[in-house]
Every structure is written in structure tokens, then in C-alpha cells.
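Notes for the structure review
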Amino acid sequence: MNLQLLCSLIIFCIAFVTSTYAAIYPEIYWKVKLPHTQIPKVINDFLPQSEDDIRELKQDKKNTKEKVYYGLHQHGILVYHVATEDEIRDIKKEIPSKNEFQQVTEISRGKSDLQDDFLYKPYFLEKELAKGKVINFPSFKNKNEAPFLSRQFVESIPFSLKKIPEILNHFSIDSSSKDAQTIEETIKFCEELEVKHKEKKSCATSLESMVDFSLSMLGNNNNIVSITTRVQGETPMLEEYTIQEVQQIGDGDNMVCHKLNYAYAVHFCHVGGHTKTFAVSMIGADGTKVKAISVCHKDTSLWNPRGLPFVVLKVKPGTTPICHFLQDDQIVFIPSIEATNYAIS
């Protein structure tokens, strides 16, 4: 009787450990592979925390409210294509006419001297990162709540333009809906990256693949740390901020991962060549406190010459470093001791 009880207890313990390990496996993978940097809160908050979470996420989402998860802005990926009318309209004080739009898209060719009438500039020069500088910026909270799924699970789901019908069927998404269009656009963006752009990049469909790509690009895990923008308070759609302090925390190669709109957490990760990375403390007019991460790209020669950065700044690719802020769900990986001190402070 005691032997039977012992066997039952052992079987129960094995089942419990296996279940728990499966539920938190992405977190364990991070801790093993990147032992010297904490998992950012913006990742940890969207990891499955229990077996019930795993079961819920593995359903076909027939009964869930969210089919596809959307963020507010994706400035970090707008450097690869010609600026669209909608992208320019979003950051201008007034809706541009067709003639003005034509002028704006010619800026990077040096054919226009349009007045600077942007509501805010998603891209700026390094000299703008100065104490006392007042800037306008939209919410630093991107609000994309797509959950992370384990690599084992996402690899069982297609991620290919050729498999769009199968993907839509899996997530019960109407093929004529906005969500279906978003699914296709995100996959198309990821597949085009592999062909058109020379920059080292990858679309990570799981936390494990993000970690692996960071190690393959940046090397020794003893010297890789991750940092994110931190926001204290709720930032409105557009806020006036005053810069209080600028701290350089990296100078060299880094990797940035931008969360994309999709049915689960997918990140566009890229190594932007030689960059400077800054932690910028600022306070909003409403009292919101932000410690924003800003990345300044020293080499922009691979960016689209008619992309939004050159429309905003009226400069040409490869002529001057271009900077941008990262929202709170975008992760920077840096091989830097200084960044370690920042990340755990």
C-alpha cells in the first residue's frame, strides 16, 4: 500500500513539474541563455504564467475578443519603404493636400523647402538630446498586448504568405477583415526583409528565437543586457515633454526588437550597425515621468532615401546620424557594462 502511494506521489510530482516547466519554459530559456540581464517587464507581463494560460492561448481564439493585437505606432520599421501619405498625415499639424504630399515626398531629393509644421518628429538629430529641450511626442506606451507563445507551439503554426488561408482558419479570422489584412501585411514585411534589405534582421515569433538571434548577432551572453523605455503614469496620445537628463549607455552594435501587429507576439529584430544608445529622463506637462531609450543610428545608408526619417529631417541617407525613441514594448540588447548598471537600477 505504501509502495503504491509512493509511486502515485512520484507520478504526480513528475506531472506537476513537467506541467510547470512547460508553462514557464520561455522564461527559463531566457535565464539560462542570458543569465546577466533581467527579463524586461514588458516581456514578463505577456508570458503565460500557468498551464491554464497555455491551454487558453492554444485555443483557436474562437471565443476571444482579440484576434489580432495592435500597437499605436511602429516608427522603428518605417525606414525601409517610401513614406506613405497616411504616415505623413499622422505627424503633420494639418492634412497635406495632394500637391503638398508630392512636395513632401521629394524632400529627401533636395527639391523642397517646406515649412517645418509637424505635430511631432518621430526622428531627430543627436544634438536634440539636450537637457532642457522641450519636445512633443505621442504615447510611450505602445499598448500591444499580444501574448508570447512557446517556440514549440508557434512552430506548429505556419508563418508564410503561402499559408495565409491556413493561418486565418487557425485563428478563426474572416479573410475579408482588417485583421486578415494585418496578418498578411506583417508576414509580407517579414518575408520581404529576407530578400530586399542587407541589414542583419529577423522576425522572432517566440521569446526563444529572439534570445537566439541576439546571441548570434552580439555574441557572448556574459556581456549582453536588455533595456526598455520605462513610463511612470499614463501618457496621452500627444504630450509635451521636457528633457531632464541624458545618459549615454552604449556605443557600438546593438539589437532592437520592435513588436509587430499580429495574433501573438512577433518582433522585428535588427542590428542597426554602429549606434549610440541613450537613456533620456523627461517629464511631461501632465507630470508623466519617462525614462526613454533613444537609439542614434550612425549609418543610415541602407535606409530608403524616400522613407519617413528623411522626409522629416530633410537630409540624405548616410550623411548624418539619425535618432528615434523607443516605446515601452521595444527591447534593446546591448553588449555594455554601463547598460547593466542602468537596467537593474
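That block above? That's the structure.
Here's a quick rundown of the structure. Not measured: the values here are computed from a predicted model.

1. Quick word on the overall build of the chain
From N to C terminus, the chain includes 11 helices and 9 strands. Considering only intrachain contacts with a sequence separation of at least 6, the fraction spanning at least 24 residues in the chain is 77%. Just so you have it, the chain exposes about 17,100 Å², and 51% of that area is on carbon and sulfur atoms.

2. Structural notes on a nonpolar patch on the surface
A contiguous nonpolar patch, built from Leu72, Leu119, Met237 and Leu238 and spanning about 320 Å² of accessible area, is present on the exposed surface. Mapped onto the elements of the fold, Leu238 is located in strand S5 (residues 238-259). Using a relative accessible area of 37% as the deciding quantity, one classes Leu238 as partly exposed.

3. Details of the environment of Gln38
Here Gln38 lies in the loop between helix H1 (2-33) and helix H2 (41-44). The exposure class of Gln38 is exposed, given its relative accessible area of 54%. Between the C-alpha atoms of Gln38 and Val225, which are 187 residues apart in sequence, the distance is 7.8 Å.

4. Brief notes about the state of the cysteines
Covalent bonding between the sulfur atoms of two cysteines is what defines a disulfide. Summed over all chains, the structure comprises 3 disulfides. Between the sulfur atoms of Cys257 and its disulfide mate Cys269 the distance is 2.1 Å. Taking the torsion about the sulfur-sulfur bond, which here is approximately 115 degrees, the covalent link between Cys257 and Cys269 counts as right-handed. Taken together, the residues Cys257 in strand S5 and Cys269 in strand S6 (residues 267-284) connect sequence positions 12 residues apart. Judged by its relative accessible area of 0%, Cys257 falls in the buried class. On the basis of relative accessibility, which here comes to 1%, the residue Cys269 falls in the buried class. The disulfide partner of Cys296 is Cys323, and the gap between their sulfur atoms is 2.0 Å. Taking the torsion about the sulfur-sulfur bond, which here is approximately 105 degrees, the covalent link between Cys296 and Cys323 counts as right-handed. Residue Cys296 is located in strand S7 (residues 289-297), and its partner Cys323 is located in strand S8 (residues 322-326); the two are separated by 27 residues in the primary sequence.

Thresholds, definitions, all that
Residues numbered from 1 in each chain as written. Predicted model: local features only at pLDDT ≥ 70, side-chain atom pairs only at ≥ 80, totals over all residues. Heavy atoms only, no water. Helix = DSSP H or I, 4+ residues; strand = E, 2+ residues; numbered from the N terminus. Contact = heavy atoms within 4.5 Å. Areas by Shrake-Rupley, 256 points an atom, 1.4 Å probe, with all protein chains shown as cover. Patch = residues over 30% accessible without salt bridge, like charges linked within 9 Å, V, L, I, M, F, W, Y side chains within 5 Å. Salt bridge = Lys/Arg side-chain N within 4 Å of Asp/Glu carboxyl O. Buried < 20%, exposed > 50% of the residue type's maximum accessible area, 1.4 Å probe, protein only. Disulfide = S-S within 2.5 Å.

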